[in-house]
Amino acid sequence: MKNGAGTKRLLIVSLTALLLGLGVTGYAWWRSGPAPREVDTIRVRDTASGMITGTDRRCDRFYQAAGTAVCLIVEPGAVPKTYALILDAGLREVRRVRIAGIPSRARVSASGRMVSWTVFVTGDSYNSGGFSTWTGILDTKTGYLVTNMEEIPLFIDGKRYYSVDVNYWGVSFAADDNRFYATVSTKGRTYLVEGDYTAWQARTLRQNVECPSLAPDGTRLAFKKRMPAGAWRLHLLDLATMRETPLAETAEVDDQAAWLDGNTVMYGRAGDVWAVAADGGGQPRLLARGASSPVPPGGQISRAMSIRR
């Protein structure tokens with residue numbers, strides 16, 4: 001009898017825990033509605049709380065790959081302070097870089113070695129709009145830090161270019177951790193640049209390409225393009241042919257897309273995270289409500305919890 005009662009109590013406790021778990025899951029599913037299977041594996045930033053799913057980290061911008069993550073934060077105060085936190089595989093802080101401005105973009109190379117971020121800053125006298133961008137690059141292997149890459153030698157149409165209004169943003173590193181792509185603006189024009197980290201120089205490839213994101217195979221770039229009406233629309237650029245393909249997302253997207261896989265890009269739009277095919281076909285699909293800073297499954301440091309909310 002005692003053994004039977006004990007077994008019964010154990011079953012009751014187990015069933016109670018299971019039902020509670022199902023209740024939480026059911027609530028989460030009710031809040032978000034049906035979602036693609038990828039939602040279980042990507043990691044995002046919750047817009048309301050700033051928390052990164054599956055972690056106890058709050059960030060204003062976030063990205064991760066291999067054993068490295070970057071978390072941009074603004075600490076409030078009489079004079080707010082902005083930092084780039086470099087995190088290890090356990091999301092523990094290993095380095096803190098003081099930066100100036102409002103967090104805008106963050107990226108980590110596929111190997112986890114190269115980290116980059118962009119912030120908006122105010123007060124540059126050359127900028128009539130009242131703000132400009134500062135983009136930093138950190139080599140986590142050597143510890144070498146570039147706080148603002150605007151001094152990198154720039155070549156436009158093969159000629160060395162000089163101007164005080166040069167601004168860079170949206171860096172995306174290739175698999176070799178040396179070649180990178182970014183946007184540069186000067187004299188009211190934006191260009192896609194290809195950079196060489198070791199040689200420390202950059203050259204323009206074409207105009208009107210912003211926030212490039214290099215595909216896993218290194219042959220294509222997802223980017224946002226300024227349309228005649230002034231809005232940004234997502235496009236794909238084939239680096240071998242320089243052929244552009246508009247993606248099926250027709251709404252404005254002001255974000256640096258990330259690659260969910262070799263055929264799909266994901267991005268923040270209107271406070272949610274969406275995905276669309278990289279070949280221009282299909283239709284956009286919702287991945288997560290109230291979210292931003294999506295990180296693909298291969299970029300995660302540890303398995304993230306489901307982001308269905």
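Quantities reported herein were computed from a predicted structural model and do not represent experimental measurements. (Residues numbered from 1 in each chain as written. Predicted model: local features only at pLDDT ≥ 70, side-chain atom pairs only at ≥ 80, totals over all residues. Heavy atoms only, no water.)

J.: Describe the confidence of the model for the chain, and please don't skip the residues or the numbers.
T.: Put simply, the chain has an average pLDDT of 85, and 81% of its residues get 70 or more. Below pLDDT 50 for its whole length, residues 1–38 participates in 19 contacts with residues either more than four positions away or in separate chains. The low-confidence segment residues 302–309, where pLDDT is below 50, has 33 contacts with residues more than four positions distant or belonging to other chains. (pLDDT = per-residue confidence, 0-100. Contact = heavy atoms within 4.5 Å.)

J.: Kindly report on the sheet that holds strand 18 (residues 232–238), identifying the contributing residues and their values.
T.: Reading across the sheet, the four strands line up as 16-17-18-19 and stay open at both edges, with antiparallel pairing between neighbours. This sheet does not close on itself; its edge strands, each paired only once, are strand 16 (210–214) and strand 19 (244–246). The mean angle between the axes of side-by-side strands here comes to 30 degrees, regardless of whether they run parallel or antiparallel. Where strand 18 lies against strand 19, three bridges are found, and the strand directions are antiparallel. Bridge pairing in strand 19 links His-235 to Pro-246. (Pairing = 2+ DSSP bridges. Helix = DSSP H or I, 4+ residues; strand = E, 2+ residues; numbered from the N terminus. Axes fitted to C-alpha atoms, helices over the stretch in contact; angles between N-to-C directions.)

J.: Let's hear about the side chain of Lys-224: which residues, and what values?
T.: Structurally, Lys-224 is set in strand 17 (residues 220–226). Only 2.4 Å separates the side chain of Lys-224 from the side chain of Asp-254, close enough to count as a polar contact. When residues no more than four places from it in sequence are discounted, the contact partners of Lys-224 are Arg-105, Asn-208, Val-209, Glu-210, Cys-211, Trp-232, Arg-233, Leu-234, Val-253, Asp-254 and Asp-255. (Polar contact = N/O pair within 3.5 Å; in protein donor to acceptor, adjacent residues only side chain to side chain.)

J.: Can you explain the pattern of salt bridges? Please cite residues and give values.
T.: Tallying each qualifying case throughout the model produces 13 salt bridges. Glu-194 serves as the salt-bridge partner of Arg-203, at 2.8 Å between the closest nitrogen and oxygen. According to the relative accessible area criterion, Arg-203 is partly exposed, its value standing at 44%. (Salt bridge = Lys/Arg side-chain N within 4 Å of Asp/Glu carboxyl O. Buried < 20%, exposed > 50% of the residue type's maximum accessible area, 1.4 Å probe, protein only.)

J.: Please give an account of the side chain of Glu-194 that cites residues and values.
T.: Within the fold, Glu-194 resides in strand 14 (residues 189–196). A polar atom in the side chain of Glu-194 sits 2.8 Å from the side chain of Arg-203. Every residue in contact with Glu-194, bar those within four places of it in the chain, is listed here: Arg-179, Phe-180, Tyr-181, Gln-201, Ala-202, Arg-203 and Leu-205.

J.: Could you give me a rundown of the sheet that holds strand 23 (residues 285–288), with the residues and numbers involved?
T.: The four strands are arranged 20-21-22-23 in an open sheet whose pairing can be described as antiparallel. This sheet does not close on itself; its edge strands, each paired only once, are strand 20 (258–261) and strand 23. Between one strand axis and the next, the sheet turns through 40 degrees on average, direction left out of account.

J.: I'd like to hear about the pairing of strand 17, residue by residue, with values.
T.: Sheet faces and side chains relate simply in a regular strand, where the side chains alternate between the two faces. With five of seven residues buried, strand 17 lies mostly within the body of the structure. Count of turn residues in the strand 16/strand 17 antiparallel hairpin: five residues, of which Gly-218 carries a positive phi of about 75 degrees. Where strand 17 meets strand 18, seven bridges bridge the pair, whose relative direction is antiparallel. Bridging from a neighbouring strand, Lys-224 pairs with Leu-234 of strand 18. Counted between consecutive antiparallel strands, the loop separating strand 17 from strand 18 contains five residues, among which Gly-230 sits at a positive phi close to 105 degrees.

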